[in-house]
Every structure is written in C-alpha cells, then in structure tokens.
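Spelled out from the first residue to the last, the chains are:
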Amino acid sequence: MRYVMVQIPEPPVPSPPTSADVARLAGVSRATVSYVLNDSSAVRISEPTRRRVHEAARELGYVPHAAARSLRAGHSRMVLMPAPATAAGPLYSRFIDELQGALGRLDYTVVQHGTPGRHGDEAARAWAELRPAAVLVPGSGLGPEGVAVLRRAGARAVVTLGTESVEGAHALLMDHEAVGHCAGVHLRARGRRRIGVVVPEDRGLDVFSRPRLAGVRRALHGTGGTVTELPLAYQERSAARLADRWRGLGLDAVFAFNDEYAMLLMRALQDAGVRIPEDAAVVGADDLLLGRLLRPRLSTVHIELPSGRDLAELVDRAVRDPGTPLQRHRVLGATVVHRESS
C-alpha cells in the first residue's frame with residue numbers, strides 16, 4: 001500500500017485592522033479617525049461621527065499603534081515605573097493609582113516594570129531599552145550614571161522618589177526622619193521614656209526604617225530617655241518571640257514603623273498579657289482604616305504623600321520641555337493622630 005504525504009497549509013494569519021479599515025467602515029476620512037481616537041480638540045467633529053468611528057473601531061478590534069503615535073509626536077508617551085523592591089502598602093498603592101489616573105488623563109501610558117536581580121544603574125539599562133518618555137523611580141539605588149543612560153535613550157524626564165536627590169534627575173524628597181520624630185515627640189509628651197523602635201527585617205525597608213529610627217532618637221535627645229532597636233520580621237512567630245521577652249526589655253512604648261507592623265506586634269503583646277497602653281504605648285504610621293477598627297484604637301502618624309496630579313503635571317512639563325530646570329521638592333508631611341493605644 002502506498003502512502004501519500006499531504007501537507008496541509010497553515011491558515012493565513014489575519015492582518016491587524018488599520019485606521020483605513022476603520023475609516024471605510026465608518027464612512028469618514030483617516031484623518032477623522034485619528035482625530036477621534038486620539039481625542040484631539042484641533043478639529044470640531046460632531047458627536048454622531050465620533051460614535052460611528054468608535055463603533056467601527058470596536059467592531060474591527062482596532063487599537064491605535066503606540067509606536068506610530070510616538071513617531072508623529074517626536075517622542076514616546078510611555079511613563080515607566082520600576083516595581084518597588086518590597087511589597088507596596090495600601091498608602092503607596094493609593095498614591096500610585098492616583099498618579100496613573102492623572103497621567104492617563106494627560107494621554108500617557110503608565111507601565112510598571114520589574115527587573116528581577118538587577119539594581120540601580122544596571123536596572124536603568126533595562127528600562128532604557130523600552131525608550132520611555134519618563135521614568136519615575138521609587139526608593140534608592142539609581143545613580144547619576146543610570147540617569148545619564150536613561151536620558152541618552154530618550155527619556156525626557158527622570159524623577160526619583162526617595163530620601164536623597166540624584167544628579168541629573170528631578171527629586172521628590174521623602175523626609176522619613178520627620179515621621180519618626182513626630183512619633184517620638186508624641187510618646188515623650190505622653191510621659192514615655194523607654195521607647196522601642198521596630199526596624200523591619202524585610203528586604204528593602206531599611207531606606208525608610210533607618211531615618212524613622214533616627215527621628216525618634218532626635219526626639220529623645222537630651223531628655224534622659226532611651227531608644228532601643230527592635231528587629232522584627234513581618235511574621236506572627238517573630239512578633240510572638242518579641243512579645244515573650246518584652247518585660248525583660250524594660251520598655252514602656254514602641255514606635256512600630258507603620259500601622260501594619262504595629263497591628264502585628266500589638267496583637268502579640270496582648271496575647272502575652274501586656275496591657276496597651278497601660279504597660280506599653282503603641283504608635284504606627286500611615287493612618288490605615290484598620291487601625292481605627294482595633295481595640296484599643298491605634299495611634300498613628302498620618303503621612304501626606306505628594307499629589308498624583310501635581311507629579312503628573314511635573315512629568316508632562318518635563319516631557320514637553322526637556323530643558324526644564326531640575327526640581328527638588330520635599331513632599332512628605334507628617335502629623336500624629338492620637339488614639340487609645342498611646
């Protein structure tokens with residue numbers, strides 16, 4: 001018996017729809033399609049025409065080509081945000097959501113980018129490959145060389161959010177020492193003199209925790225009070241171990257870095273029979289809703305982050321005019337919210 005090999009050709013891959021296809025289906029010009037889908041106000045277009053264009057684009061599955069739009073504009077519309085090295089808490093997440101919304105309304109596409117195993121200037125080279133219009137860098141690690149790499153790759157704005165400025169970049173300076181200082185002053189005013197300060201063991205948080213520890217020390221300087229570092233992992237067993245040796249530490253208060261660590265430690269202290277605030281006053285930071293639901297309610301440092309809208313406008317100005325003088329702003333405000341736990 002003879003066998004005949006028959007090769008079945010692969011079905012052709014359909015070409016993606018173009019703006020010309022949308023124009024034909026909607027019965028308008030390609031220029032009109034461009035004006036409508038880019039939400040341009042340069043030409044007055046009637047609402048029925050706008051609806052026809054949007055309906056045709058949806059029917060065909062047409063999506064504007066970002067690269068082509070960038071070529072027309074002369075630069076990218078992508079704003080790249082490297083993913084933070086540590087898990088973002090609720091406060092930072094709300095700030096990022098507000099910032100992304102504000103940039104979207106200014107017609108930018110926000111991309112969060114992870115570079116596992118790469119840090120600082122090495123990571124900057126990976127970011128530069130994407131040719132973003134702007135890069136917003138949380139935390140520390142980026143140096144002048146990394147900024148230069150990004151600028152040579154076409155980034156019109158590099159903005160850092162951290163405790164120190166970087167040569168060549170706009171800087172939003174976060175004064176975390178002020179957070180610790182507020183907590184220390186509050187506890188001192190409540191008559192506490194032997195204060196523990198939680199220093200998280202989780203990777204990447206030392207850039208925040210060390211300045212907060214320094215702020216508490218500054219608040220107690222010259223008062224005869226003492227400050228004790230309390231290394232703590234964000235784990236129930238770690239908090240339980242610290243609570244078990246609490247009485248031997250001789251402390252009468254704790255600034256627990258933030259509300260999440262404060263809630264973790266407060267539960268462990270109560271389980272160990274430590275009364276709050278009678279035996280130990282507890283203060284967190286971030287003013288999260290959950291802190292108000294605890295019993296006793298959690299005292300905290302309320303932190304004012306920069307407005308996402310203001311930061312988006314700074315990025316937009318720098319992208320439109322790369323010669324804009326570098327700006328450095330101190331943007332973090334801190335005030336104590338006194339509740340039952342202190």
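As shown above, the structure is provided for reference.
Quick summary incoming for the structure in this document. What you see is a predicted model; the values in this text were computed from it and never measured.

## A closer look at the overall build of the chain
Okay, so step 1: Of regular secondary structure, the chain possesses 14 helices and 12 strands.
Okay, so step 2: Scored against the burial criterion, the 342 residues of the chain give a buried share of 45%.
Okay, so step 3: A separation threshold of at least 6 residues defines the contact pool for the chain, and within that pool the share at least 24 residues apart is 70%.

## A short note on helix α7 (residues 144-152)
For an α-helix, 3.6 residues make a turn, and residues three or four places apart therefore share a direction.
Okay, so step 1: Those residues of α7 not exposed but buried are Gly146, Val147, Val149 and Leu150. Relative to the axis of α7, the buried residues are bounded by an arc of 160° and lie together on one face.
Okay, so step 2: Positioned one or two residues after α7, Gly154 has a phi angle of 110°, which is positive.

## Some points on the pairing of strand β7 (residues 226-232)
Okay, so step 1: Bridge count for strand β6 (residues 194-200) against β7 is seven bridges, and the pairing is parallel. Across the sheet, residue Val197 finds its bridge partner in β7, namely Glu229.
Okay, so step 2: As for the winding sense of the linkage, the β-α-β connection from β6 through helix α9 (residues 206-220) to β7 is right-handed.

## Focus on unusual backbone geometry
Okay, so step 1: A cis amide bond links Ile276 to the next residue, Pro277, at an omega of 10°.
Okay, so step 2: Along the polypeptide, Pro277 turns up in the loop between α12 (259-271) and β9 (281-285).
Okay, so step 3: The amide bond that connects Arg295 to the next residue, Pro296, takes the cis arrangement and shows omega of -5°.
Okay, so step 4: By the secondary structure assignment, Pro296 is in the loop between α13 (289-293) and β10 (299-304).
Okay, so step 5: In the Ramachandran plot, Asp107 falls in the positive-phi region, its phi being about 75° despite a non-glycine side chain.
Okay, so step 6: Mapped onto the fold, Asp107 is located in the loop between α5 (90-105) and β2 (109-113).
Okay, so step 7: Phi at Asp286 takes a positive value of approximately 115°, unusual for a residue other than glycine.
Okay, so step 8: Here Asp286 shows up in the loop between β9 and α13.

## Here we look at the sheet that holds strand β12 (residues 333-337)
Okay, so step 1: Taken in spatial order, the six strands make up an open sheet running β7-β6-β8-β9-β10-β12, and their pairing is mixed. With one partner strand each, in any of the chains shown, β7 and β12 form the two edges of the open sheet. Each strand axis lies, on average, 20° off the axis of its neighbour in the sheet, ignoring direction.
Okay, so step 2: As paired elements, β6 and strand β8 (residues 253-255) share three bridges and run parallel to each other. Paired with Val197 across the strands is Phe255, a residue of β8.

## What to know about the packing of aromatic side chains
Okay, so step 1: The full count for this structure, using the stated rule, is two aromatic pairs.
Okay, so step 2: Between Phe257 and Tyr261, the aromatic rings sit 5.8 Å apart at their centres with planes inclined by 85°, giving edge-to-face as the arrangement. Tyr261 shares its class with Phe257; the two are buried.
Okay, so step 3: Counting every residue linked through ring pairs, the aromatic cluster contains Tyr234, Phe257 and Tyr261.
Okay, so step 4: The aromatic ring of Tyr108 is capped on one face by Arg77, whose charged end is 4.0 Å from the ring centroid.
Okay, so step 5: Over the aromatic face of Phe257 sits the side chain of Arg212, whose NZ or CZ is 4.8 Å from the ring centroid.

## Topic: the sheet that holds strand β5 (residues 170-173)
Okay, so step 1: The strand order across the open sheet built from six strands is β2-β1-β3-β4-β5-β11, with neighbouring strands paired in parallel fashion. Of all the strands in the sheet, the pair left with one neighbour each is β2 and β11 (328-330). Mean inter-strand twist for the sheet, computed between neighbouring axes without regard to direction, equals 15°.
Okay, so step 2: Looking at chain direction, β5 and β11 are connected through three bridges and run parallel.

## Overview of the pattern of salt bridges
Okay, so step 1: Tallied over the full model, the rule gives 12 salt bridges.
Okay, so step 2: For Arg218, the salt bridge goes to Glu177, with nearest N and O atoms at 2.8 Å. Placement of the pair is Arg218 in helix α9 and Glu177 in helix α8 (residues 176-189), with a sequence separation of 41 residues.
Okay, so step 3: Taking relative accessible area as the criterion, Arg218 reaches 43% and is therefore assigned partly exposed.
Okay, so step 4: Arg320 is the salt-bridge partner of Asp316, the closest N and O atoms lying 3.0 Å from each other. Of the two residues, Asp316 and Arg320 are both situated in helix α14 (residues 308-320); the distance of four residues between them amounts to about one turn of the helix.

Criteria and thresholds
Residues numbered from 1 in each chain as written. Predicted model: local features only at pLDDT ≥ 70, side-chain atom pairs only at ≥ 80, totals over all residues. Heavy atoms only, no water. Helix = DSSP H or I, 4+ residues; strand = E, 2+ residues; numbered from the N terminus. Buried < 20%, exposed > 50% of the residue type's maximum accessible area, 1.4 Å probe, protein only. Contact = heavy atoms within 4.5 Å. Arc of directions from axis to C-beta. Pairing = 2+ DSSP bridges. Right-handed = clockwise from strand over helix to strand, strands pointing away. Axes fitted to C-alpha atoms, helices over the stretch in contact; angles between N-to-C directions. Phe/Tyr/Trp six-rings, centres within 6.5 Å; stacked < 30°, edge-to-face > 60°. Lys NZ or Arg CZ within 6 Å of the ring centre and 35° of its normal. Salt bridge = Lys/Arg side-chain N within 4 Å of Asp/Glu carboxyl O.

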